[in-house]
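# Summary of the model geometry
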Amino acid sequence: MKIKLKVWRQTGPTAPGQFETYEVPDANPHMSFLELLDVLNEQLMKEGKDPVEFDYDCREGICGSCGVVVDGTAHGPQQRTACCQLHMRHYQDGDTIVVEPWRADAFPIIKDLVVDRAAFDRIIQAGGYVSVNTGNAPDANAILVDKHDADLAMDYATCIGCGACVAACPNASASLFTAAKISHLALLPQGDPERATRTRAMVDQMAAEGFGDCSNHAECEAVCPKGISISAIARMRREYVKALGR
Ligand code: SF4
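Residues numbered from 1 in each chain as written. Predicted model: local features only at pLDDT ≥ 70, side-chain atom pairs only at ≥ 80, totals over all residues. Heavy atoms only, no water.

### Topic: helix 5 (residues 175-186)
Taking 1.5 Å of rise per residue, the 12 residues of helix 5 would be expected to cover 16 Å, and the 16 Å separating its terminal C-alpha atoms lies within 8% of that figure. Buried residues dominate helix 5, accounting for 10 of its 12 residues. For helix 5, the complete set of buried residues consists of Ser175, Leu176, Phe177, Thr178, Ala179, Ala180, Lys181, Ile182, Ser183 and Ala186. Buried positions along helix 5 lie against helix 2 (118-127), helix 3 (147-157), helix 4 (164-168), helix 6 (195-208), helix 7 (219-223) and helix 8 (231-244). (Helix = DSSP H or I, 4+ residues; strand = E, 2+ residues; numbered from the N terminus. Expected span 1.5 Å × (residues − 1). Buried < 20%, exposed > 50% of the residue type's maximum accessible area, 1.4 Å probe, protein only. Contact = heavy atoms within 4.5 Å.)

### Quick look at the nonpolar core
Counting residues in each nonpolar core, the largest one holds 69 residues, and the members touching the most others are Leu5, Phe33, Leu36, Ile97 and Phe211. The element that contributes the greatest number of residues to this core is helix 1 (residues 33-46), accounting for six residues. Once residues lying within four places of it in the same chain are set aside, the contact partners of Ile97 are Ile3, Lys4, Leu5, Lys6, Phe33, Leu36, Val70, Asp71, Met88 and Tyr91. (Core = buried A, V, L, I, M, F, W, Y, C linked by side-chain atoms within 4.5 Å.)

### Topic: helix 6
Taking 1.5 Å of rise per residue, 14 residues should cover 20 Å, and helix 6 covers 20 Å from first to last C-alpha, within 8% of that figure. Of all the residues in helix 6, the buried ones are Arg195, Ala196, Arg198, Thr199, Met202, Val203 and Met206. The buried residues of helix 6 occupy one face: seen down the axis, they fall within an arc of 170°. (Arc of directions from axis to C-beta.)

### Some points on the pattern of salt bridges
Within the structure shown, the criterion is met by 13 salt bridges. The partner of Lys111 in a salt bridge is Glu53, and the shortest N-O contact between them spans 3.9 Å. Of this pair, Lys111 sits in strand 6 (residues 109-111) while Glu53 sits in the loop between helix 1 and strand 3 (69-70); the two residues are 58 residues apart in sequence, bridging distant segments of the chain. Here Glu53 falls in the partly exposed class, since its relative accessible area comes to 34%. Residues Glu209 and Arg122 are paired through a salt bridge, measuring 2.7 Å at the closest nitrogen-oxygen approach. One end of the pair, Glu209, is in the loop between helix 6 and helix 7; the other, Arg122, is in helix 2, with 87 residues separating them in the sequence. Since its relative accessible area comes to 36%, Arg122 is described here as partly exposed. (Salt bridge = Lys/Arg side-chain N within 4 Å of Asp/Glu carboxyl O.)

### Points about the environment of Ile3
Inspection of the secondary structure assignment puts Ile3 in strand 1 (residues 3-9). Discounting residues that sit within four places of it in the chain, Ile3 has contacts with Tyr22, Glu23, Val24, Ala27, Leu36, Met88, Tyr91, Gln92, Asp95 and Ile97.

Pasting the structure below:
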């Protein structure tokens, strides 16, 4: 099948960018979207041109490395699907696909489709670590966790930190990411000793990084490849208010 690609090209953080149009004449329907970019890059390199820079790692939808806006939607049109798992069989022969980087002030463009998502790492770092000496690993099930809480914590723990939530949010807010991390740890007894300091530090770091605030658009939930619910954001707000009182 023949696929046309309109790809955002930008040589550096301060360089002006523009869309370039390319054609992949022999795309295979079983190819993933990232494999399509690989084929495009082989073509470009054969022509002596600069390949398109994009982020990827596991290509299994679990690492959070890849992330581009495909036809106006973070990770593309398939729900709960990271763009590494978006396959060409969902397209028709002759289709044009428009590809852009995540766009948010807190995620500056490095080159082409690659953005700097280190702001997420700094939010995680602000959360810190358990400061008390916890000794050896306890026996399994020594600390009982309510089944409902364990399941909910697991749901929030599935956040892969891709940043689609930021890219989709009209406020470029990192609330879903930060809330997923805070909620995951706040629900487990092991996370209790540092609960207030961790919540305050992560929320404050999110603001310091220049992410916008949440105004309940729920676009983040719609594009999240892991289907993380915005109920996490309500929980983060409750945790933050409680933490301020401590
Ligand atoms: S909440 Fe979803 S979209 Fe946002 S960073 Fe986590 S996995 Fe990505």
